[in-house]
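Coordinates in review
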Amino acid sequence: DAGVIQSPRHEVTEMGQEVTLRCKPISGHNSLFWYRQTMMRGLELLIYFNNNVPIDDSGMPEDRFSAKMPNASFSTLKIQPSEPRDSAVYFCASSLYTGELFFGEGSRLTVL
Amino acid sequence: AQKITQTQPGMFVQEKEAVTLDCTYDTSDPSYGLFWYKQPSSGEMIFLIYQGSYDQQNATEGRYSLNFQKARKSANLVISASQLGDSAMYFCAMRAPMDSNYQLIWGAGTKLIIKP
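First things first, this report covers the structure right here in the doc. (Residues numbered from 1 in each chain as written. Chains lettered and ligands numbered in written order. Predicted model: local features only at pLDDT ≥ 70, side-chain atom pairs only at ≥ 80, totals over all residues. Heavy atoms only, no water.)

1. Re the layout of surface pockets
Rule in force here: Points on a 1 Å grid, built from protein atoms alone, make a cavity when a 1.4 Å probe fits but cannot get out and make a pocket when they are open with protein on both sides within 12 Å along at least 5 of 7 lines; residues with an atom within 4 Å of a point are the lining residues. Grid points are joined across faces, edges and corners, and a volume is the space filled by probe spheres set on the points. Per the convention used, a helix needs a DSSP run of H or I reaching at least four residues, while a strand needs a run of E reaching at least two, with both numbered from the N terminus. Charged means Asp, Glu, Lys or Arg here, nonpolar means Ala, Val, Leu, Ile, Met, Phe, Trp, Tyr, Cys or Pro, and polar covers whatever is left, Gly included.
For the largest pocket, the calculated volume is near 710 Å³. In terms of lining residues, the largest pocket is bounded by 29 residues, among which Gln37(A), Met39(A), Gln39(B), Gly43(B) and Met89(B) are the most central. Elements with a minimum of two residues in the lining of the largest pocket: strand E4 (31-38), strand E9 (88-95) and strand E11 (107-111) of chain A together with strand E10 (88-95) and strand E12 (110-115) of chain B. Residue composition of the lining of the largest pocket, by class: 13 nonpolar, 11 polar and five charged.

2. A look at the pattern of salt bridges
Residue and element names in this part refer to chain A. Formally: For salt bridges, the criterion is a side-chain nitrogen of Lys or Arg within 4 Å of an Asp or Glu carboxyl oxygen. A 1.4 Å probe rolled over the protein chains alone gives each residue an accessible area, and that area as a share of the maximum for its type sets the label: buried under 20%, exposed over 50%, partly exposed in between.
Enumeration according to the criterion identifies 11 salt bridges over all chains in this entry. Among the salt bridges present, the one from Arg64 reaches Glu62, with a minimum N-O distance of 2.8 Å. Among the residues examined, Glu62 registers a relative accessible area of 29% and is labelled partly exposed. A salt bridge links Arg85 to Glu62; the shortest N-O distance between them is 3.2 Å. Placement of the pair is Arg85 in the loop between strand E8 (74-79) and E9 and Glu62 in the loop between strand E6 (53-56) and strand E7 (65-71), with a sequence separation of 23 residues. Classification of Arg85 as exposed rests on a relative accessible area of 55%. Residues participating in the shared-partner salt-bridge network are Glu62, Arg64, Glu83, Arg85 and Asp86.

3. A look at the interface of chain B and chain A
Short version of the rule: Residue contacts are defined here by distance: any two heavy atoms, one from each residue, within 4.5 Å place the two residues in contact. By definition, the buried area sums, over both parts, the 1.4 Å-probe accessible area that each loses when the two are put together.
On the chain A side, the residues contacting the 14 residues of chain B number 17 residues. At the boundary of chain B with chain A, total buried surface from both sides reaches about 1400 Å², with 58% on carbon and sulfur atoms. When the area that chain B buries against chain A is broken down by residue, the three leading residues are Met45(B), Arg95(B) and Gln103(B), summing to 36%. Where chain B meets chain A, there are zero salt bridges.

Encoded structure:
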């Protein structure tokens, strides 16, 4: 069975550029989570969706960040404009109801 | 408010010894789940084991077991016969529907290093 698929695995961009991270959750899962992980701040929940509807986006840092889930099999996290402090590993995870989260391999973002 | 506490930032353990990683939690929700994840240096987050608040037995998965003490609000991970490949960060997490609207609340993690 395919796990959570994230792309790109690595992204290097310059400050001010738009970044789009993509996620395909596990088929049949109804919850999707976007996390950011840095050494300084650890694992932070940015936003989570339940049945494609955003439930809690209080973790989204600011208006530069946006996330969408147009259907049950696809989600995007967009940063526009990107800044060096956005450099981190971004994880997407999915789950079925209250079960365990299955994580993608992460997208490592470097903003120069 | 819901909270997960992992008091051991780092641990060194000799290979083949058993390891106990501490986790305490706080929630007012009577129904909750507790999770342990492993994050090796390669970066992926790997689910290890789950314990439900109403489960009577401690969860076990191969060499992993969860020492669940509900009255003490602790959910320690026990790794038997540690191996070099167990070196990683370990995160404890909790999901309490009423408290946290189904989000996972994460501990800060414990970095485990297995010595040969």
